[in-house]
Amino acid sequence: MANRIRLGMVCMLCEGWLCAVAAITGSTAAAHPPNSESDDSHRALQQRLDRPLIDFSDTLFTPQQGTPTDIDQIAQTPDGFLWLGCAEGLVRFDGVNFVRDFGTTLPNHAVSSMFVDKDGDLWVGFLYGGIVRLSHGKFEAFDAGLPPGHIIWSIVQDQRGVLWATSGFGIYRLTGHRWTEVGSNIGPSTHSVYGLAGTLNDGRLWVANNKRIWFQKPGTDQFEQGDKDTLWKSKLGFDYTKLPKESADEIEKIVASPSGVGLRAVTLDASGALWSAFKDPFTRFRWVTSPGGKKEYVMEPLPHANNAIYTPFADRAGNIWLGEVGGLERLRPNKVNVLAAPNDIIGVEMSPAPDGAIWVGSNQNYGVYQIKGDSRVAWPALGTGLSAINLDKAGNTWFLKATLDPAEDDIRVLSNGVIKRLSYPAGVAGSTTIGIVDDPLGGHLLVTSVGFFRLNGDTWTPGSGRSGLPSDMPNHVYEDANGRIWLMYAGNRLAVIDGAHAFTYTAADGLAVGNVSSVDIKPDHFWVAGDDGVARWDGKRFVAITLAGNIPLRNATGVVETPQGDLWVNAVAGLYKISSAELDRAKANRDYHVNASMLDQDDGLQGGTQNLQHGQSLLQGSDGRLWAARSEGVAWIDPSRMMINPVAPQAIVLSISADGHDESMDALSLPALTHVLRIAYTAPSLSMPERVTFKYRLDGVDQDWQDAGTRREATYTNLRSGNYHFHVMAANEDGIWGQQDAVIRFHIAPAYYQTWWFMALCVIASALLASLLVAFRIHQLQARLRLQLTAKQDERERIARELHDTLMQAMYALVLQVQTWSDNRLIDIKLREDMRHVTDLTNKMLTDGRDRILALRDSSELESDLARMLRETGDELSRLFSSRFSIRKYGNSLGLRSDVLHNAFEIGRESIRNAFLHAEAGTVTVILRFDKRNLTLVVCDDGIGIPEDILATGGRDGHWGLAGMRERAQSIGGKLKIARGSHRGTEVTFTVPARHAYGTLTARLRRHLRWKLRPGGPS
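Residues numbered from 1 in each chain as written. Predicted model: local features only at pLDDT ≥ 70, side-chain atom pairs only at ≥ 80, totals over all residues. Heavy atoms only, no water.

- If you look the chain up in an unreviewed UniProt entry, it shows as Histidine kinase domain-containing protein from Dyella flava.

Put into structure tokens, the structure is as follows:
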């Protein structure tokens, strides 16, 4: 409080009119920085503000909501935040939350001035000296050159972009980061108390002390003496001294008042209206156009309970903010226009007038008015207490009275400006009159709670003259353009009188709106509204309209389809609009839930729907305006000129917390294993912040935008480590989205088991383990197969040995005996020839037997040791023949492909067999060489050698041994060479390249390593 008293005392040193002008210039600069709004937005703002004060909503923000008190300064930055300067310091407001903690220490808590420059930076001056700048979310002190301890009264920027400050000690200009006091040579004297500074509309600076005012010379730092009239004319845009006397006197009081602090509470809004809180009541001065087309400057007082208003401020959306002793107040222009203050009109009855106007009355004490455009004409002769207003085809308006006074309880007919009074028919007195319409059979039909009555001339006849109507009476009556009468009943019943006939729609036709209260008739369809919603007759059945989210259209008392095809519904929650596009979708798909916008009490509607009304609660005048009767009054809107908030909100990310711990916004690196991530965001929107909606997306997690509604926090759980981009956008109450999304980048550190090197190690370890498991399994299978092969081979060898040792030996003995007999000359020669023939056959049998024995020993299920298999083949043949056999091996055969092993063995066995059977050799030698380039097999002997003709032709006719060997060699990518030996005999050489012989890369590497590590030498 001491700060506030000191502030007021210093301000009292200045002339009051200068204080008022300072408030105007400061507020205007902060609210409307140059080029901050487009022409369209400015026109939209003017439309929002160009309305009576009764069409403003008044909202008070109290300390219980976190609002600061003693608010003396208000400014708005381009991001939409409202900044409040008060005794406790600087406070930021986004429409929902008041924020005091900015993560930094300001030089002084008490704020004395604020200014938003052309770059959108906020400059704050303090009561005990010092200035700070807020730029891009960072505060920076600008104290150099300022006198310590002296109040900063004003901060302004001239048309060149130079910043100026005034204090209780002088005028200062900012150069770089330092303030320089202006000397007396440029105009104002030094070391004077300059409490005020501002800019004219042409951008020139003005300053003032307690005696004089100076204007800056264009384009220089020089000043010349100015005057208050020029200043005020510049700010108001016109010469206030030429206003009508009453208005001019009031403005002059503001200009000349020496009241101190209170005179700072003056501002201009975007429409040019002047708002003044210098005295009670709070008053707006503005230009209006009367119904006759004349422009007038009027004063509009706003009764106000709290008179201690320090400063008003107009924001970019057209809201008027009042900084007060007890808190903060907002005046927001409503979308809906009202006819009178709340509860001034109760029990509303409405009807169109023949000239395009609207008749409005009530069943209470409110009179009858004819509304046309912005004019309202009272008709006291029509009295009060109406139960219905009806317009007939002849252009006569019927007013049905419902009062307790018998002298007033009658029917009044207005025809060509003349009022005619009619008495009700007998038996109607004291009942409820519902309406009167043209009777298709002639005359008029009166509908009451006790029955129908027909009027022909001056004669009343009881009854409707039709059969087929429900026995009870309707609650509402309506006559359409074709002369049909629509009677609306309780319990899903709608009766129609068409000429002399009547019929009724019921629930059997799909009607499910409850008690019917309104209809709207179109050429090819019609709408019905009731307690339980709205339905459309499509020519066959009623189809209910369902809102998205299954929101019920409860107590729908009025329905209107505009010429544009949009549907408006007057329901208890508010006034709904369903676009023609949504209606088309609903027509195409009966299960479709339509999207609708709604106007409610926050938009200016007065109360809910009323149940005692008999006429239309929603109608459209010839000028296109929609009129809605509500429980606390009458409201209207122009659908073609719906007021919108043109200011799109800019989303801002406020904070990020990981597992409950707030993280620094400077370098967002979040800890590993973050389980719960919360991102708080906002969007400063000061008109209707409760209707601001958001959508957000986290790249890499969300495939599309997530609709957050009005929620201002996004939560993610168990995010993987890595880099992320979070986007958020906001839309205001009219669905206007910000042009730019707010983006924040952050990184979640990986745990050690989430790093690339750990993953790589895991992959390598898994591969090694898999290799070991595969190798182990292969070893098991090989061992099992080896056991099976060994058992089979052992059995075959046993059989071969027994055949060799028994049958073959006996046959050899037999052959020797027969051969001995064949050589005995004592035996007959013919018999000896027969014996020789038997000997040849027996030798052939022995040869075949040896082949079968070798086949038993050399099973097709080969073992993997090629050298051993060739050795066993040669050893077996050497026992049958006299030739010697030897084998030499170089290298190791590990890793030899199975097909190569099989074909190499067959080639080697065939070569060894040929050497034993046909070469008559003394020695047969096999050389087997395994090296890193080739597999080489050589079979050589010292026999008679292969004939030249066989070498030339590649084999004997009818024999396929040599041809088969060549085919085998080619099938595995090898080469076969058959030639005579260097001295005598035959040499067979079979070669296979290593890439074909040793199989997989792993096997070849193992082969190569074994080759490198081999001890060397033949084995």
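**Details of the overall build of the chain**
Moving on, step 1. Across its full length, the chain carries 14 helices and 66 strands.
Moving on, step 2. Counting only residues that meet the buried cut, the chain has 50% of its 1019 residues in that class.
Moving on, step 3. Residue pairs at least 24 apart in sequence account for 54% of intrachain contacts in the chain once pairs closer than 6 positions are excluded.
Moving on, step 4. For the chain, the exposed surface amounts to about 47400 Å²; the carbon and sulfur share of it is 52%. (Helix = DSSP H or I, 4+ residues; strand = E, 2+ residues; numbered from the N terminus. Buried < 20%, exposed > 50% of the residue type's maximum accessible area, 1.4 Å probe, protein only. Contact = heavy atoms within 4.5 Å. Areas by Shrake-Rupley, 256 points an atom, 1.4 Å probe, with all protein chains shown as cover.)

**A short note on the pattern of salt bridges**
Moving on, step 1. Counted according to the given criterion, the structure contains 35 salt bridges.
Moving on, step 2. A salt bridge links Asp239 to Lys233; its shortest N-O distance comes to 3.6 Å.
Moving on, step 3. The exposure class assigned to Lys233 is partly exposed, which follows from its relative accessible area of 34%.
Moving on, step 4. Asp699 is the partner of Arg697 in a salt bridge, and the nearest nitrogen-oxygen pair spans 3.0 Å.
Moving on, step 5. Given the relative accessible area of 19%, Arg697 is considered buried.
Moving on, step 6. Assessed through its relative accessible area of 28%, Asp699 is described here as partly exposed.
Moving on, step 7. When salt bridges with common partners are traced through the structure, they connect Asp50, Arg284, Arg286 and Glu300 into a single cluster. (Salt bridge = Lys/Arg side-chain N within 4 Å of Asp/Glu carboxyl O.)

**Looking at the side chain of Ser362**
Moving on, step 1. Tracing the backbone shows Ser362 in strand S27 (residues 358-362).
Moving on, step 2. Overall, the relative accessible area of 0% leaves Ser362 in the buried class.
Moving on, step 3. Of note is the side chain of Ser362, whose polar atom sits 3.2 Å from the backbone oxygen of Ile346.
Moving on, step 4. Beyond its immediate sequence surroundings of up to four residues, Ser362 is in contact with Ile345, Ile346, Gly347, Val348, Glu349, Gly367, Gly385 and Leu386. (Polar contact = N/O pair within 3.5 Å; in protein donor to acceptor, adjacent residues only side chain to side chain.)

**Quick word on the sheet that holds strand S12 (residues 171-175)**
Moving on, step 1. Reading across the sheet, the four strands line up as S10-S11-S12-S13 and stay open at both edges, with antiparallel pairing between neighbours. Of all strands in the sheet, those bounded by a partner on one side alone are strand S10 (152-157) and strand S13 (178-181). Here the average twist between neighbouring strands, direction ignored, is 30 degrees.
Moving on, step 2. Bridge count for S12 against S13 is four bridges, and the pairing is antiparallel. Its bridge partner being in S13, Arg173 is matched across the sheet by Thr180. (Pairing = 2+ DSSP bridges. Axes fitted to C-alpha atoms, helices over the stretch in contact; angles between N-to-C directions.)

**A word on the environment of Thr609**
Moving on, step 1. Tracing the backbone shows Thr609 in the loop between strand S49 (597-599) and strand S50 (618-620).
Moving on, step 2. In sequence terms Thr609 and Gly558 are 51 residues apart; their C-alpha atoms lie 9.2 Å from each other.
Moving on, step 3. Leave out the neighbours within four places in its chain, and Thr609 touches Asn555, Thr557, Asn570, Ala571, Val572, Arg630 and Ser631.

**Re the UniProt feature "transmembrane region" (unreviewed entry) in the chain**
Moving on, step 1. UniProt marks residues 756-776 with the feature "transmembrane region" (unreviewed entry), using the numbering shown here.
Moving on, step 2. Overall, residues 756-776 shows 100% helix and 0% strand. The separation of its end C-alpha atoms is 30 Å. (UniProt positions renumbered as here; feature names shortened; annotations may be inferred.)

**Focus on the pairing of strand S48 (residues 575-578)**
Moving on, step 1. In this structure, strand S47 (residues 567-570) lies alongside S48, joined through four bridges in antiparallel fashion. Counted as the bridge partner of Leu567 is Ile578 from S48.
Moving on, step 2. Counted between consecutive antiparallel strands, the loop separating S47 from S48 contains four residues.
Moving on, step 3. Of the strand pairs in this sheet, S48 and S49 are connected by three bridges, and their pairing is antiparallel. Bridging across to S49, Lys577 finds its partner in Ser597.

**Description of the pairing of strand S64 (residues 934-941)**
Moving on, step 1. Most of S64 sits out of view: seven of its eight residues are buried.
Moving on, step 2. Of the pairings in the sheet, the one linking strand S63 (residues 923-930) to S64 comprises seven bridges and is antiparallel in character. In the sheet register, Leu928 faces S64, and the bridge partner there is Leu937.
Moving on, step 3. The sheet contact formed by S64 and strand S66 (residues 986-993) spans seven bridges and is antiparallel. Within S66, the position partnered with Leu935 by the bridge is Val992.

**Thoughts on the sheet that holds strand S54 (residues 661-663)**
Moving on, step 1. Taken in spatial order, the four strands line up as S54-S53-S56-S59 in an open sheet, and their pairing is antiparallel. Each edge of the open sheet carries a strand with a single partner, namely S54 and strand S59 (713-717). The sheet shows a mean angle of 25 degrees between the axes of neighbouring strands, direction not considered.
Moving on, step 2. Summarising the sheet, strand S56 (residues 676-682) and S59 pair through five bridges and their orientation is antiparallel. Within S59, the position partnered with Val676 by the bridge is Thr717.

**Some words on the packing of aromatic side chains**
Moving on, step 1. Across all of its chains, the model carries 39 aromatic pairs by this definition.
Moving on, step 2. Ring centres of Phe93 and Trp321 lie 6.0 Å apart, and the angle between their planes is 85 degrees; this geometry places the pair in the edge-to-face category. You can see Phe93 sitting in strand S4 (residues 89-93) and its partner Trp321 sitting in strand S23 (residues 320-324), a full 228 residues away along the chain.
Moving on, step 3. Taking relative accessible area as the criterion, Phe93 reaches 0% and is therefore assigned buried.
Moving on, step 4. When its relative accessible area of 0% is taken as the criterion, Trp321 is described as buried.
Moving on, step 5. Each residue in the set Trp486, Phe503, Tyr505, Phe526, Trp537 and Phe542 is aromatic and connected to the rest through ring pairs, giving one cluster.
Moving on, step 6. For the cation-ring pair, Lys695 lies above Trp705, with the distance from its terminal atom to the ring centre recorded as 5.3 Å.
Moving on, step 7. In this arrangement the basic side chain of Arg697 is found over the ring face of Trp705, its NZ or CZ atom lying 4.6 Å from the centre. (Phe/Tyr/Trp six-rings, centres within 6.5 Å; stacked < 30°, edge-to-face > 60°. Lys NZ or Arg CZ within 6 Å of the ring centre and 35° of its normal.)

**Comments concerning the environment of Tyr505**
Moving on, step 1. Checked against the element boundaries, Tyr505 lands in strand S41 (residues 501-505).
Moving on, step 2. A C-alpha to C-alpha distance of 6.2 Å links Tyr505 and Ala495, two positions 10 residues apart in sequence.

**Side note on unusual backbone geometry**
With the exception of glycine, most residues fall at negative phi, and the peptide bonds are largely trans.
Moving on, step 1. Unlike most non-glycine residues, Asp659 shows phi in positive territory, near 55 degrees.
Moving on, step 2. Along the chain, Asp659 turns up in the loop between strand S53 (652-658) and S54.
Moving on, step 3. One non-glycine residue, Asn718, lies in the positive phi region at around 55 degrees.
Moving on, step 4. By secondary structure assignment, the location of Asn718 is in the loop between S59 and strand S60 (722-731).

**Quick look at the side chain of Arg332**
Moving on, step 1. With respect to the helices and strands, Arg332 occurs in strand S24 (residues 328-333).
Moving on, step 2. Polar side-chain contacts of Arg332 include one of 2.2 Å to the backbone oxygen of Asp602.
Moving on, step 3. Excluding its chain neighbours within four sequence positions, the residues that come into contact with Arg332 are Asp55, Phe56, Ser57, Asn319, Asp602, Asp603, Ser687 and Met688.

**Concerning the packing of helix H9 (residues 866-880) against helix H10 (residues 898-918)**
Moving on, step 1. At a minimum axis separation of 10 Å, H9 and H10 run at an interaxial angle of 20 degrees. Taken together, the axes of H9 and H10 lie roughly parallel to each other. Note that H9 runs across H10; the crossing there is right-handed. From H9, Leu866, Met869, Leu870, Thr873, Gly874, Leu877 and Ser878 reach across to H10, where they touch Leu901, Ala904, Phe905, Gly908, Arg909, Ile912, Arg913 and Phe916.
Moving on, step 2. Considering only residue class, the contact of H9 with H10 consists of nine nonpolar, four polar and two charged. (Parallel < 35°, antiparallel > 145°, perpendicular 65-115°, else oblique. Left-handed = near helix turned anticlockwise from the far one by under 90°. Nonpolar A, V, L, I, M, F, W, Y, C, P; charged D, E, K, R; others polar.)

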